[in-house]
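# Fold and contact review
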Amino acid sequence: MYRNYLKTALRNLWRNKGTTFINVFGMSVALAVGIIIFLYVRNELRHDQFHVEKDRVYRVLRAPELNAGESAMLTPMTSGPYAPHLQLEYGEEVEEAVRVKLSWSGELVEYQDVSYKEKGVAFVDSTFFRVFSYGLKEGNPNTVLNLPQNLILTERAARKYFGTENPMGKTMRVDDRWDFIVAGILEDIPEYSHLDFDFLLPISNMYSFSWFNRWWNNNMFTYLKLHPKADAKALETKLPAFMDRHFGTDFEEMGRRIELQLQPLTQVYFDNFTKFDNAKHGDKRSLYLFGIIALFIMGIACINFMNLATARSMLRAKEVGIRKTVGANRQQLIVQFLGESMLLVLGAVVIGMVLVEMSLPYFNNLFGLVLAVNYSTIVLPLSILTLVVVVGLLAGSYPALFLSSFRPVQTLKGKMVAKTGTVSLRKALVVIQFSLSILLIIGTIVIYNQLQFIQQKKLGYDKEQVLQIPIDNRDIDQNRDRFKDLILQNPNVVHVSMMSGIPGGFHDQYKLKIEGKESEDWVTRTVFCDGDMLETLGLELLAGRDFDLKAYGTDATEAAMINESTLKKLGWTAEEAIGKSLEINMRDTMPRKIVGIVKDYNFLSLKEKIEPLVLSTNVDYRLFAVKLKTDNVQATIGEIEDTWNSLVTTYPFEYQFLDDAYQKLYQTEQQQHAMMQFFAFLAILIACLGLFALATFTTERRTKEIGIRKVLGASVSDVVMLLSKEFGALILIAFLIAIPVAYYAMSEWLNAFEYHVNVGIGTFVLAGILMLIFAWLTVGYQSVKAAIGNPVRALRYE
């Protein structure tokens, strides 16, 4: 019996090759998109799930008390004393505490003649493996980090430095100051870990550093593993007393508190609200966006199937009548039609898997991922079976119920007419289909407009032809003035400045004491620089003067500048501010005079508003900014590298263009736009193929009507308008439905940016016009073909 069903299903699918092709194509593309997005979402949601006791591990966050009008600022950066004191004072709740200090700028790692600047270096406590479940292939996890000279590296790093040689027991040098012995080898860190490193070093090597035991020197993560029965929320309620014991006097002087929060380990990866966080993070908006797109495209493909099946119902009416006459009951017909549906979906799944394998390299390259289909587990066949059944039922249920309901007497007499309800449903499905397509078009346009806005917005500084060179080792730090003087001698170097933070990069926050505002609490961003920052970055001076360390010798210790936002927050005019004194807490030993007002510039990303900023000549230089002429750029960089190598013999020369760094701030949005473009194209293609088939069937059913109208004098344009206006009306309805949904969705997406475009009427009009053009081109071909046909042949039709 089942063999007969299969033969019948295959025969019917072959008989309707055109419809079958459109359905299989649409389904296979939709399934391929769905599978890729499923792999992506699954990979993102797996972050940190591999840790055995993940539900008991928390990251400590610091939360400064807010003044009116200030936005929340949480940071995971803590100092060395937190971990041991939390474990000591709350031993009933805290089973283990571990510190993780990731390298911000990288460390030089050497083995014999092989050396690299490695960013994946982490200094950790000996309790690291009692908290985290990274796979140690060689070495004892309980003791390997006990000795300060021990080092653990990943298999990837082992291959990089040692090739096929066994690294165990070998000596490696780090930061040109420590010699370590390889005592352990880790499995490569999973892609779905928020901590990313290749080297683990005992944090005990830092105990002798003066900053390590200072409570206010925050530069590392603190993780707590709680006892099985401990309650994290209950522990949080005790932490204000902990902060009072260790910071009470400081809080009184500051006029504000800092509280602690416990963040579950499984929430760290999708945390995008913490500041000064150098762990790896994902974007939940991308998961929602791509998940919705997958559902949209799958919905469009299923609607195609349902529409084409019901549209062809008149052509299969006699088949149903004959089968019922010879004894087939409704249940048998339903099984047959659902079988055809599932067979079609099965074929689409096979083609879809081929498309997945072809598309994954592109997707992995775009998102920097390593997604792959695992064919070795039973999950894949079970997933395919589930997909075939669910999609087959979803797409085939209505056509099966509809076709099996035909009455044999009417069908055999040729008296079947399309039911009004069926036609209305088909129109409703077309409206839904094109509403989804228009939503994707609008989303693509809005993201494109925002990216163009990001590219074209005047940022208040010049990011073109500016090199940023890190000051991240002792050699260059000791020779920074000499390096600056030497590269300024190059005729292709316009300006050079040393500073603590470049636009788009890290900017410290400090409390200020301001003359005339002593009773108020002031916290601002800061940038520490020499006297050449404004010229190098093209910043505009609104009032007062720039730093001039040569003309004003006291500028090095007694001068500061503020930006417009600081001026507005203080409530002063520029004239009132010039000459006022301010003091940066924990940085200045004496007040500085405000000598200039700098025009606001976007020193953070466009996702954040311009905050109050103080420019100070404190010596805390972390990078060079080098403004170049446009001629011979690569040759000039080579000459700067030669200068570097003449002063720094151990550390490699590294640089980045400021405009490239700016682009990286919006990498996620660029990826989203690329995927939206691609998916919108697929959605429109699938929808238009379905519309083309529907237009074909509609034209066939109205062939005789068209012939009569032409005989009575209808022109070609009259016939084209007759056949096209129905679909045009449906698209107009779809457009009206899509507008409010798209407006809300894209407004929410844009709210992630402090500075953004508006979702204007032009966006909707453009999307509607594009959809009408695509639809008219699709329907127009069949309409024109029918309109120019011979009316005599049309009257003989049927």
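Here is a short report on the structure shown in this document. Source: prediction; values computed, not measured.

### Here we look at the overall build of the protein chain
- Check the secondary structure of the protein chain and you find 25 helices and 23 strands.
- Buried positions account for 53% of the 798 residues belonging to the protein chain.
- Of all intrachain contacts in the protein chain linking residues separated by at least 6 positions in sequence, the fraction that spans at least 24 positions is 79%.
- Surface exposure of the protein chain reaches about 36200 Å², of which carbon and sulfur atoms provide 57%.

### Observations concerning unusual backbone geometry
- Unlike most non-glycine residues, glutamine 112 shows phi in positive territory, near 55 degrees.
- The exposure class assigned to glutamine 112 is exposed, which follows from its relative accessible area of 66%.
- Of note in the backbone geometry, asparagine 632 takes a positive phi value of approximately 50 degrees without being a glycine.
- Among the structural elements, asparagine 632 can be located in the loop between strand S22 (623-628) and helix H19 (633-647).
- With a relative accessible area of 52%, asparagine 632 lands in the exposed category.

### Quick word on the pairing of strand S3 (residues 107-111)
- Counting buried positions over the five residues of S3 gives five, a clear majority of the element.
- Taking every second residue as pointing to the same face, both faces of S3 are buried, with Glu107, Val109 and Tyr111 on one and Leu108 and Glu110 on the other.
- One ladder, built from five bridges, connects S3 with strand S4 (residues 114-118); its direction is antiparallel. Bridge pairing in S4 places leucine 108 opposite lysine 117.
- Between S3 and the antiparallel strand that follows it, S4, lie two residues; glutamine 112 among them carries a positive phi value of about 55 degrees.
- The pairing of S3 with strand S8 (residues 171-174) spans two bridges and is antiparallel.

### Considerations on the pattern of salt bridges
- Taken as a whole, this structure holds 39 salt bridges when the rule is applied.
- Residues arginine 622 and aspartate 508 are paired through a salt bridge, measuring 2.9 Å at the closest nitrogen-oxygen approach. Placement of arginine 622 in the loop between strand S21 (613-616) and S22 and of aspartate 508 in strand S15 (residues 508-514) is noted, with a sequence separation of 114 residues between them.
- Accessibility expressed as a relative area gives 24% for arginine 622, which makes it partly exposed.
- Assessed through its relative accessible area of 10%, aspartate 508 is described here as buried.
- When salt bridges with common partners are traced through the structure, they connect Glu53, Arg56, Glu95 and Lys225 into a single cluster.

### Examining helix H3 (residues 82-89)
- Three or more residues of H3 are buried, namely Tyr82, Ala83 and Leu86. Looking straight down H3, one finds that the buried residues subtend no more than 95 degrees of arc, so they occupy a single side.

### Description of the environment of valine 124
- Examined against the element boundaries, valine 124 turns out to sit in strand S5 (residues 121-124).
- Once residues within four sequence positions are removed from consideration, valine 124 is found in contact with Arg99, Val100, Leu145, Leu200, Leu201, Pro202 and Ile203.

### A closer look at the packing of aromatic side chains
- If you walk through the whole model with that rule in mind, you get 42 aromatic pairs.
- When the ring of phenylalanine 221 is compared with that of tyrosine 223, the centres are 6.1 Å apart and the planes differ by 80 degrees; the resulting orientation is edge-to-face. Side by side, phenylalanine 221 and tyrosine 223 carry an identical accessibility label, which is buried.
- Note on tyrosine 461 and tyrosine 601: the rings are 6.2 Å apart at their centroids and 80 degrees apart in plane angle, and the pair reads as edge-to-face. Here tyrosine 461 is found in the loop between helix H12 (420-456) and strand S13 (466-470), whereas its partner tyrosine 601 is found in the loop between strand S20 (592-598) and S21, with 140 residues between them in sequence. Take tyrosine 461 and tyrosine 601: they sit in the same class, and that class is buried.
- Lying over the aromatic face of phenylalanine 221, arginine 59 brings its terminal NZ or CZ to 5.1 Å of the ring centre.
- Seen from the ring of tyrosine 662, lysine 463 lies directly overhead, with NZ or CZ sitting 5.0 Å from the centre.

### Observations regarding H19
- For H19, spanning 15 residues, the distance from its first C-alpha to its last is 22 Å, which sits close to the expected 21 Å at 1.5 Å a residue.
- Residues of H19 that are buried include every one of Val633, Thr636, Ile637, Ile640, Thr643, Trp644 and Leu647, and no others. In a view along the axis of H19, the buried residues occupy a sector of 115 degrees, so they form one face of it. Facing away from the buried side of H19 by more than 90 degrees, the exposed set consists of Gln634, Asp642 and Ser646.
- Contacts from the buried residues of H19 go to S13, helix H13 (474-478), helix H14 (480-488), strand S14 (493-499), S22 and strand S23 (656-657).

### Things to note about the environment of proline 361
- Mapped onto the elements, proline 361 comes out in helix H9 (residues 330-367).
- Between the C-alpha atoms of proline 361 and leucine 371, which are ten residues apart in sequence, the distance is 8.5 Å.

### With respect to the sheet that holds S13
- Strand order in the open sheet formed by four strands is S14-S22-S13-S23, with antiparallel pairing between adjacent strands. Each of the sheet's edge strands pairs with one partner strand only, and the pair in question is S14 and S23.
- Of the strand pairs in this sheet, S14 and S22 are connected by six bridges, and their pairing is antiparallel. Looking across to S22, one finds that valine 493 is bridged to leucine 628.
- Along the sheet, H14 contacts S13, S14 and S22; its crossing angle with S14, the most-contacted strand, is approximately 165 degrees.

### Thoughts on the pairing of S15
- Within S15, five of the seven residues are buried, leaving the element largely enclosed by the surrounding structure.
- Both S15 and strand S16 (residues 522-528) contribute to a ladder of five bridges, which runs antiparallel. By the bridge assignment, lysine 511 is partnered in S16 with valine 523.
- Note that S15 and strand S19 (residues 581-584) share three bridges and pair antiparallel.

### What about the packing of H14 against H19?
- Their axes nearest at 10 Å, the elements H14 and H19 cross at an angle of 150 degrees. Between H14 and H19, the crossing angle belongs to the class labelled roughly antiparallel. Read as a crossing pair, H14 and H19 show a hand that is right-handed. Residue-level contacts link Arg482, Phe483, Leu486 and Ile487 of H14 to Ile640, Thr643, Trp644 and Leu647 of H19.
- Of the residues assigned to the contact of H14 with H19, the class counts are six nonpolar, one polar and one charged.

### Quick notes on the side chain of lysine 117
- Secondary-structure assignment places lysine 117 in strand S4.
- Only 2.3 Å separates the side chain of lysine 117 from the side chain of aspartate 472, close enough to count as a polar contact.
- Reaching out from lysine 117, the side chain makes a polar contact with the side chain of glutamate 654 at a distance of 3.4 Å.
- Sequence-distant contacts of lysine 117, that is, excluding residues within four places in its chain, are made with Ser105, Gly106, Glu107, Leu108, Asp472, Pro652 and Glu654.

Cut-offs applied
- Each residue is numbered by its place in its chain's sequence as written, counting from 1.
- This being a predicted model, a pLDDT of at least 70 is required before a residue's local features are given, and a value of 80 or more before pairs of side-chain atoms are given or counted; all residues contribute to the totals for chains, interfaces and linings.
- Just so you know, side-chain values use all the structure's heavy atoms and leave hydrogens and water out.
- Every helix listed is a DSSP run of H or I at least four residues long, and every strand listed is a run of E at least two residues long, numbered separately from the N terminus.
- Exposure is judged per residue with a 1.4 Å probe applied to protein chains only, and the accessible area is read against the type maximum: over 50% gives exposed, under 20% gives buried, and values in between give partly exposed.
- Here a residue-residue contact requires only that any non-hydrogen atoms of the pair lie within 4.5 Å.
- Accessible surface area values rest on a Shrake-Rupley calculation with a 1.4 Å probe, where residue burial reflects the displayed protein chains alone.
- What makes two strands pair is DSSP finding at least two bridges between them.
- In what follows, salt bridge is the name for a side-chain nitrogen of Lys or Arg lying within 4 Å of a carboxyl oxygen of Asp or Glu.
- Read the arc as the range of directions from the helix axis to the C-beta atoms.
- Between 30 and 60 degrees the pair is tilted, below 30 it is stacked and above 60 it is edge-to-face, where a pair is any two Phe, Tyr or Trp rings, Trp via its six-membered ring, whose centres lie within 6.5 Å.
- We call a charge positioned above a ring when the Lys NZ or Arg CZ atom is no farther than 6 Å from the ring centre and deviates by at most 35 degrees from the ring normal.
- Any helix carries an expected span of 1.5 Å times its number of residues minus one.
- Only C-alpha atoms enter the line fits that serve as axes; for helices the fit covers just the stretch in contact. Angles between N-to-C directions range over 0 to 180 degrees.
- Put simply, angles under 35 degrees are roughly parallel, angles over 145 are roughly antiparallel, angles from 65 to 115 are roughly perpendicular, and the rest are oblique.
- Crossings are sorted by hand: turned counterclockwise from the far helix by less than a right angle, the near helix makes the crossing left-handed, and turned clockwise it makes it right-handed.
- Residue polarity is assigned by list, with Asp, Glu, Lys and Arg as charged and Ala, Val, Leu, Ile, Met, Phe, Trp, Tyr, Cys and Pro as nonpolar; anything else, Gly included, falls into the polar class.
- Polar contact criterion, stated in full: a pair of N or O atoms within 3.5 Å, where within protein one must be able to donate a hydrogen and the other to accept it, and residues adjacent in sequence count only if both atoms are side-chain atoms.

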